Amino acid sequence: MYHKVSRFSIYLLLSASLILQLTVIDYIKIFNAKPDIMLLLVIFFGLFFGGSVGLETGFAAGLLKDILSVDIFGINTLTLAITGLTVGILSPKFFKESRITQMALVFAFALFFMLAHYIFNSFISKITYISFSEYLFGLIIPASLYTSFISVTIFPILMSRYHLEEKEEFL
Amino acid sequence: MRNQKKRIVKILVVLSAAILIILSSSAARLIRINLADTSTPLLKTVHSFLGFLEDIAPFAVLREENRILRDRIDLLTRMAEEGQAINDENARLRNLLDFRKMIPYASMPAQVIGRDPSNWSNSLIIDKGAANGVKQNMAVMSTRGIVGRIVEIGKYSSKVLLITDPNLKVGVLIRRNRQGGVMVGRPGDRCKIIYIALDSDAKPGDKVITAGFGGVFPKGILVGEIEKVGKEEGRLYKYAIVKPSQDLSKLEEVLCIIR
């Protein structure tokens with residue numbers, strides 16, 4: 001059984017994270033990778049509020065990204081919506097309250113999102129002069145790792161905001 | 001059962017909408033330009049607010065020191081810091097102005113107000129649009145070299161596709177041996193020159209400049225420096241990895257070249 005969440009708070013968080021992505025995220029690049037806060041939110045809402053919320057959050061986050069990016073229009077909408085839905089469908093199978101599990105899940109779903117993006121992108125844009133390994137080691141793995149590390153600081157804040165922390169008697 | 005059906009319908013509707021967006025690229029592009037343009041005032045406000053935060057950050061530190069030492073010297077230090085920040089900005093703008101006078105093309109200065117939110121593409125949002133005379137495919141450069149080209153224009157803002165984006169191709173020359181190639185963006189804030197002849201003696205440290213083909217980028221502008229040269233299996237050409245002449249993720253002001 002999932003908790004309820006207000007749409008307003010989802011869209012507010014997405015807008016705030018979009019502003020962060022547009023302005024300051026580039027300044028905290030490590031090894032040329034930047035964390036994806038919007039993807040992190042999609043994974044969080046899918047994980048704790050189910051596939052339906054994950055799908056909607058992914059769709060909205062992707063659409064916002066597509067509007068302000070020069071990426072193929074719609075590609076983020078599709079891939080983030082699929083990611084949000086997948087996270088939500090698979091979430092009952094995990095003990096998601098553990099920080100280590102959360103990090104591992106964020107890494108896995110970030111990889112999933114990026115690989116899905118790569119596949120759609122190669123179907124549509126047909127860039128052949130950059131090999132898959134260049135994308136994998138230059139972008140996909142570093143960005144997924146960085147996003148999963150960032151989840152250590154963001155997930156606890158969101159969990160406490162939505163009262164999702166496990167009660168002591170269950171620990 | 002009914003809930004299940006409702007959920008499946010929702011999933012189908014959302015995914016079909018996403019696919020439709022991809023398929024209707026020209027209409028979507030028009031909507032994107034207009035929507036992105038409406039966010040310009042917000043981005044400008046956030047940009048000024050960040051500038052303001054940057055200005056007051058040293059003050060906070062100095063105020064703390066002042067509270068501890070209660071000394072007049074600290075007050076003077078704070079004033080010096082304040083002056084330094086203004087001096088830095090002045091120097092940066094003067095540099096841009098000098099550079100603008102130096103280059104043989106008319107140019108228009110613009111401020112960077114946003115960056116690409118996606119990991120997959122590299123672009124900048126600048127505060128000049130069609131209302132200021134920005135045109136499609138205008139070359140954009142900084143004091144240290146080429147930056148990219150204009151790809152989407154709103155009324156008051158535009159998007160610049162950076163040279164590190166895999167969708168941007170630039171004709172380039174290796175300055176030392178005048179050998180040419182095509183440079184494309186590559187993940188990891190680097191560029192890659194493809195189609196370098198197998199007998200080329202290109203080596204790390206060689207400077208790369210624009211070739212002037214295609215009519216977008218003027219000839220002879222610095223692009224960067226070769227970091228590595230190699231050959232991919234099954235290809236008849238060599239490739240070179242190029243480090244751009246500047247860190248494109250930290251650009252604050254750029255020049256749009258009017259040709």
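What you see is a predicted model, and the numbers here were worked out from it, not measured in a lab.

Enquirer: What is the right way to look at the pattern of salt bridges in this model?
Expert: Between side chains of opposite charge, a pair can form when the charged atoms approach closely. Within this structure, the stated rule accounts for 13 salt bridges over all chains. Between D127 of chain B and K128 of chain B there is a salt bridge whose closest N-O contact spans 3.7 Å. No difference in accessibility class separates D127 of chain B from K128 of chain B, as the two residues are buried. Note that R190 of chain B is salt-bridged to E227 of chain B, the shortest N-O span being 3.0 Å. Residue R190 of chain B is found in strand 8 (residues 190-196), and its partner E227 of chain B is found in strand 10 (residues 222-231); the two are separated by 37 residues along the sequence. Each of E134 of chain A together with R186 and K192 of chain B takes part in one network of salt bridges that share partners.

Enquirer: How do you make sense of the confidence of the model for chain B when you look at a structure like this?
Expert: Close inspection of predicted coordinates is inappropriate for parts of the model with low pLDDT. With 95% of its residues at a pLDDT of 70 or more, chain B has an overall mean of 83. Mean pLDDT values for the elements of chain B range from 73 in helix 4 (residues 72-102) of chain B up to 94 in strand 5 (residues 158-162) of chain B.

Enquirer: It is not clear to me how a negative patch on the surface should be interpreted in this structure. Could you clarify?
Expert: Residue and element names in this part refer to chain B. Together, E54, D55, E82, D88 and E89 make up a negatively charged patch on the protein surface. Put simply, the parts of the chain that give the negative patch at least two residues each are helix 3 (40-69) and helix 4. Ranked by the residues each element gives to the negative patch, the list is headed by helix 4, at three residues. For E54, the position within the fold is in helix 3. By relative accessible area, which is 56% here, E54 ends up exposed.

What counts, and where the lines are drawn
- Residues numbered from 1 in each chain as written.
- Chains lettered and ligands numbered in written order.
- Predicted model: local features only at pLDDT ≥ 70, side-chain atom pairs only at ≥ 80, totals over all residues.
- Heavy atoms only, no water.
- Salt bridge = Lys/Arg side-chain N within 4 Å of Asp/Glu carboxyl O.
- Buried < 20%, exposed > 50% of the residue type's maximum accessible area, 1.4 Å probe, protein only.
- Helix = DSSP H or I, 4+ residues; strand = E, 2+ residues; numbered from the N terminus.
- pLDDT = per-residue confidence, 0-100.
- Patch = residues over 30% accessible without salt bridge, like charges linked within 9 Å, V, L, I, M, F, W, Y side chains within 5 Å.
- Areas by Shrake-Rupley, 256 points an atom, 1.4 Å probe, with all protein chains shown as cover.
- Lys, Arg positive; Asp, Glu negative; His and termini not counted.
- Charge placed at Lys NZ, Arg CZ, Asp CG, Glu CD.

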